[in-house]
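# Observations on the model geometry
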Amino acid sequence: MADIVRKRVVAVEGPTIRERLQAMDDSAVVTAFLGGEERAFSELVTRYQTRLLNFVYRTIGDREKAEDLVQEVFIRVYRHLHRFDRSKKFSTWVYTIASNLAKNELRNRSRNPLVLFQTVQKNFQDEDRPLQFEDTTARPDDMYRKRHLREIVEESVAKLPEHHRNVFILRELEGKSYEEIAEITECNLGTVKSRLNRARNSFAEIIAPYVD
Amino acid sequence: MDCREFCEQHVAYVDDTLAGIELVRMQRHIAECESCAKHDAKIRRALLLFRNLPSIEPSADFSQRLEARIRECQTDHIMAASQRNLRYGAVAATLASIVMLGYIGTTLYERAATPRDLLMPPVVATLPEPELMPITTSTPAIVTSVSAGLSIFPAALFAEQAPVRFAHSKLELTDYTR
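Structural notes, computed from the coordinates. No experiment lies behind these values; they were computed from the predicted model shown.

Okay, the overall build of chain A next. Helices and strands together make up the secondary structure of chain A, namely 11 helices and zero strands. Start at the N end of chain A and walk to the C end: the helices and strands fall as α-α-α-α-α-α-α-α-α-α-α. In chain A, buried positions account for 34% of the 212 residues. Sequence-distant contacts, at least 24 apart, represent 65% of the contacts inside chain A between residues at least 6 apart.

Attention now goes to the overall build of chain B. A tally of helices and strands in chain B yields six helices and zero strands. Reading the secondary structure of chain B in the N-to-C direction produces α-α-α-α-α-α. Within the span of chain B, comprising 178 residues, buried residues form 6% of the whole. Long-range contacts, defined as pairs at least 24 residues apart, comprise 44% of the intrachain contacts of chain B with a sequence gap of at least 6.

Quite often, the size of an interface is put as the accessible area lost when its parts meet. The interface is formed by 23 residues belonging to chain B together with 29 residues belonging to chain A. Top element by residues in the side of chain B that touches chain A is helix H4 (residues 34–51) of chain B. It accounts for eight residues. Considering only residue class, the side of chain B that touches chain A consists of 14 nonpolar, three polar and six charged.

Another aspect to go through is the nonpolar core. In this structure, Leu52(A), Val56(A), Val70(A), Val73(A), Val94(A), Ala98(A) and Phe203(A) are the most contacted members of the largest nonpolar core, which totals 49 residues. Ignoring anything within four residues of it in the chain, the contact list for Val56(A) reads Ala66(A), Leu69(A), Val70(A), Ala98(A) and Ala102(A).

What counts, and where the lines are drawn
- Residues numbered from 1 in each chain as written.
- Chains lettered and ligands numbered in written order.
- Predicted model: local features only at pLDDT ≥ 70, side-chain atom pairs only at ≥ 80, totals over all residues.
- Helix = DSSP H or I, 4+ residues; strand = E, 2+ residues; numbered from the N terminus.
- Buried ≥ 20, exposed ≤ 12 C-beta atoms within 10 Å, placed from the backbone.
- Contact = placed C-beta atoms within 7 Å.
- Nonpolar A, V, L, I, M, F, W, Y, C, P; charged D, E, K, R; others polar.
- Core = buried A, V, L, I, M, F, W, Y, C linked by C-beta atoms within 7 Å.

As structure tokens, this is what we get:
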């Protein structure tokens with residue numbers, strides 16, 4: 001059905017289409033895509049690729065795999081957008097897909113004990129450090145301290161139980177509301193608050209010896 | 001407010017979602033309880049560290065790889081659609097064949113089941129010549145067996161061929177004055 005609709009090319013043409021799409025909210029961009037405007041999908045990718053990558057990376061701790069999973073999220077969005085219930089928030093839907101994929105990845109990994117969260121994460125940090133940490137004006141010991149601190153923080157997050165970590169990242173990194181987290185993780189509101197409280201306490205306990 | 005209640009409401013306190021009165025009670029408790037104040041500070045400091053983790057960016061070829069996969073997706077979709085159409089066509093043709101075969105089978109069966117018309121030699125029936133019986137009526141008359149409704153001329157012709165029966169009669173005068 002959506003394919004038929006998609007073939008009907010929207011009459012919006014011209015150089016301002018990207019600007020118009022940028023000005024639209026998610027729901028309007030989704031509508032434009034379903035109306036046949038293929039560039040609307042690129043707009044959705046632009047909006048969510050970094051956020052989803054960070055979310056998945058913080059959840060599974062493997063950058064390469066996180067990129068693959070985010071690509072998979074967008075493929076699924078492309079294929080099934082016509083089934084998306086537009087009375088709900090697009091961001092919640094897309095995070096739900098990402099969360100489920102990340103959960104599956106962790107489940108598969110737990111069946112294969114050779115791949116460990118920390119191992120993967122350390123390899124990435126040693127070989128593929130982000131550019132923002134290559135500040136040449138900073139003193140080497142500062143850079144070391146920064147990198148060391150980041151490692152500690154990421155390792156501390158990785159030590160949280162999976163269901164606590166998921167809620168913790170959605171709240172602290174993505175700034176999702178309790179209700180959205182409940183929808184994404186398919187838990188009730190009370191469970192979300194309880195998990196968030198425990199995750200915060202655990203994280204603070206784990207990291208306290210390094211920062212005090 | 002006791003420490004237990006403080007810990008229960010701490011999530012909402014950190015997220016600044018407490019109602020005014022509750023917020024004031026939490027603040028008052030922190031001012032009074034050193035342990036809870038420490039706990040609050042520890043949580044906030046840890047969260048600050050986590051929230052300030054540097055964001056990672058997608059690799060340079062991320063978009064290209066995604067576009068390639070989307071194109072594959074489109075091709076697969078088109079192929080799947082054409083295969084689906086072919087499948088529907090095949091199903092429709094099969095159904096039509098089944099219906100046709102069914103019809104043909106039923107027709108043949110009906111023909112085999114119903115007995116054919118018996119072919120017999122034609123039977124020629126002859127009407128036996130009626131026996132001439134004398135008319136014994138009291139009033140003598142000449143009676144012909146010419147059917148009514150014919151015009152006079154053919155009736156006259158047929159009258160010639162029709163058997164004529166004569167009745168023996170005796171004519172008498174009738175007096176109507178009586």
